[in-house]
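Coordinate inspection notes
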There are 2 protein chains.
Amino acid sequence: MESIELAKNTVVGILKAGCRAEAFVGTTLKSSGISLQQFNVLRILRGRKGVPANLQTVQKRMIHKMSNTTRLIDKLIEKKLVVRKICKDNRRKIEILITDKGLEVLDQLDAKIQETEAAILQPLSLEEQKTLRSLINKITLNR
Amino acid sequence: MESIELAKNTVVGILKAGCRAEAFVGTTLKSSGISLQQFNVLRILRGRKGVPANLQTVQKRMIHKMSNTTRLIDKLIEKKLVVRKICKDNRRKIEILITDKGLEVLDQLDAKIQETEAAILQPLSLEEQKTLRSLINKITLNR
DNA sequence: TTAATACATTTGTTTAAACAAAAGTTGTAA
DNA sequence: TTACAACTTTTGTTTAAACAAATGTATTAA
């Protein structure tokens, strides 16, 4: 009985914290004109260090599982932040690569995003952050 | 240096956990044809135990801060789950009240949602859930 | 080779969210 | 009273997300 309330409050807390964090980061990104999802894709691509990613790979690592990543990539292409080409080995697949301009945009955002992340977590000590990360990873990973 | 990575991973974890929880609950709600936001509003109204809420009150307590709650309420009215009337004391305000049908829908969902919440938190012990709730509340409340 | 199936991405359409502005109501000061 | 500002909700418009179906490519088995 008690545990049911606990679970409910915990899940509502997770939902609220997610929305809150989205709002924080979204506000920071707004001046750059890119959405949180777009930013996330750019960071995924930067992490590949020059190795192109196909759409599936990007989708798997995205924070928001959306049905329609094609049009998200389209937006990034319009802004010249990524390029897309057909994979030579398997023409069903595409290869997505971050451009120099994309890397620049990310580099300029890094400091701001770090500040935002610090602001979100400001009420927590480093030890508490570690605990939080660990607990969240338990419910997020490998499922 | 280390703490920057910690903050980044923690925030990304919060975002992912939020999306994951949304997906879980959203799937559970799908068969009832109501969205997570709509469900949340219904629960807010049920919690008022017959006392009507105006739009502001609902907005403040909503998980997702959206720009336009009017149309969300419209959807619930279409489904006869809530009613809306103009507040007599202050005609700028409206009064929103959950209907009997709305209460029935919620009651039927309660068990399913409890199962879903348990599934989301399944990798955590009760003690861990308490810790998680506490840490999340620190970054969510009063700001 | 051909047909059938699975795979990877794209496109069309409907639905909801984001943003900005408007409308109606109340309170206040001259 | 009247004009003005503040408050609360609604509406119009643009933009993105959700869902379903289609397109094009590769693989497999007959």
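Only a predicted model underlies this, so the values are computations on that prediction, with no experimental measurement involved.

Remarks on the protein's contact with DNA strand C
Near DNA strand C there are 20 residues, and of these Gln56(A), Thr70(A), Arg71(A), Arg91(B) and Arg92(B) occur at the shortest range. Of all atoms in DNA strand C that approach within 4 Å of the protein, 66% are sugar or phosphate atoms. In this structure, Gln56(A) approaches DNA strand C through a side-chain N or O atom, which is 2.6 Å from a phosphate oxygen. At 3.4 Å, a side-chain N or O of Arg92(B) approaches a sugar or linking oxygen of DNA strand C.

Observations concerning the protein's contact with DNA strand D
Lining the immediate environment of DNA strand D, one finds 20 residues, of which Arg92(A), Gln56(B), Thr70(B), Arg71(B) and Arg92(B) sit closest. Between DNA strand D and Ile94(B) there is a distance of 3.4 Å, counted from a phosphate oxygen to a backbone nitrogen or oxygen. Mapped by element, the contributors of at least two residues to the surface near DNA strand D are α4 (69-78) of chain A together with α3 (55-61) and α4 (69-78) of chain B. Residue composition of the surface near DNA strand D, by class: 3 nonpolar, 8 polar and 9 charged.

With respect to the nonpolar core
Counting residues in hydrophobic clusters, the biggest one holds 82 residues, and the most contacted among them are Leu132(A) and Leu132(B). Aside from chain neighbours lying at most four places away, what touches Leu132(A) is Leu124(A), Thr10(B), Ile14(B), Leu132(B), Leu135(B), Ile136(B) and Ile139(B).

Quick word on helix α5 (residues 100-121) of chain B
Residue and element names in this part refer to chain B. With 22 residues, α5 should cover 32 Å at 1.5 Å per step; its first-to-last C-alpha distance of 31 Å lies within 8% of that length. The sharpest bend along α5 reaches about 40° and sits at Asp 110. Those residues of α5 not exposed but buried are Gly 102, Val 105, Leu 106, Leu 109, Ile 113, Thr 116, Glu 117, Ile 120 and Leu 121.

Some words on the pairing of strand β2 (residues 94-98) of chain B
Residues and elements named next belong to chain B. Only one face of β2 is buried, namely the one carrying Ile 94, Ile 96 and Ile 98, since none of Glu 95 and Leu 97 on the opposite face is buried. Note: strand β1 (residues 82-86) against β2, 5 bridges, orientation antiparallel. Directly across from Val 82, in β2, lies its bridge partner Ile 98.

A closer look at the relation of the copies chain A and chain B
Between the two copies, chain A and chain B, the superposition gives an RMSD of 0.0 Å; the rotation angle is 180° and the shift along the axis is 0.0 Å. Here the copies are linked by what is in effect a two-fold axis. Using C-alpha coordinates, one finds that chain A approaches the rotation axis most closely at Gly18(A), a distance of 2.2 Å.

Side note on unusual backbone geometry
Keep in mind that most residues, glycine aside, have a negative phi and that most peptide bonds are trans. Residue and element names in this part refer to chain B. Of note, Lys 49 is a non-glycine position whose phi angle comes to about 50°, a positive value. Its place among the elements puts Lys 49 in the loop between α2 (36-47) and α3. Judged by its relative accessible area of 74%, Lys 49 is exposed. Residues other than glycine seldom take positive phi values, yet Lys 80 does so here, at roughly 60°. Examined against the element boundaries, Lys 80 turns out to sit in the loop between α4 and β1.

What about the interface of chain A and chain B?
Taken together, the contact between chain A and chain B spans 45 residues of the former and 45 residues of the latter. For the pair chain A and chain B, the summed buried area comes to about 4,800 Å², and 74% of that belongs to carbon and sulfur atoms. The tally of links from chain A across to chain B stands at 2 salt bridges. Between Lys138(B) and Glu128(A) there is a salt bridge, and its shortest N-O distance comes to 2.5 Å. Along the contact surface separating chain A from chain B lie 4 residue pairs in polar contact (both at pLDDT 80 or more).

Some remarks on the pattern of salt bridges
Residues and elements named next belong to chain A. One pass over the structure, following the stated rule, counts 12 salt bridges over all chains. Measuring nitrogen to oxygen at the nearest pair gives 3.8 Å for the salt bridge that ties Lys 130 to Glu 127. One end of the pair, Lys 130, and the other, Glu 127, are both in helix α6 (residues 126-140), 3 residues apart, so they sit about a helical turn from each other. When its relative accessible area of 54% is taken as the criterion, Glu 127 is described as exposed. Linked through salt bridges whose partners overlap, the residues forming this network are Arg 46, Asp 107 and Asp 110.

Thoughts on the packing of helix α5 (residues 100-121) of chain A against helix α1 (residues 2-30) of chain B
Look at α5(A) against α1(B): their axes get within 9 Å of each other, and the N-to-C directions meet at 70°. Considering the angle they form, α5(A) stands roughly perpendicular to α1(B). In this structure, α5(A) uses Gln114(A), Glu117(A), Ile120(A) and Leu121(A) to contact α1(B), whose residues at the interface are Ile4(B), Ala7(B), Lys8(B), Thr10(B), Val11(B) and Ile14(B). Residues that form the contact of α5(A) with α1(B) fall into these classes: 6 nonpolar, 2 polar and 2 charged.

What counts as what
- Residues numbered from 1 in each chain as written.
- Chains lettered and ligands numbered in written order.
- Predicted model: local features only at pLDDT ≥ 70, side-chain atom pairs only at ≥ 80, totals over all residues.
- Heavy atoms only, no water.
- Near = heavy atom within 4 Å.
- Polar contact = N/O pair within 3.5 Å; in protein donor to acceptor, adjacent residues only side chain to side chain.
- Helix = DSSP H or I, 4+ residues; strand = E, 2+ residues; numbered from the N terminus.
- Nonpolar A, V, L, I, M, F, W, Y, C, P; charged D, E, K, R; others polar.
- Core = buried A, V, L, I, M, F, W, Y, C linked by side-chain atoms within 4.5 Å.
- Buried < 20%, exposed > 50% of the residue type's maximum accessible area, 1.4 Å probe, protein only.
- Contact = heavy atoms within 4.5 Å.
- Expected span 1.5 Å × (residues − 1).
- Bend = angle between axes of the 7 residues up to and from the residue.
- Pairing = 2+ DSSP bridges.
- Least-squares fit on C-alpha atoms with pLDDT ≥ 70 in both.
- Buried area = accessible area lost by both parts, 1.4 Å probe.
- Salt bridge = Lys/Arg side-chain N within 4 Å of Asp/Glu carboxyl O.
- Axes fitted to C-alpha atoms, helices over the stretch in contact; angles between N-to-C directions.
- Parallel < 35°, antiparallel > 145°, perpendicular 65-115°, else oblique.

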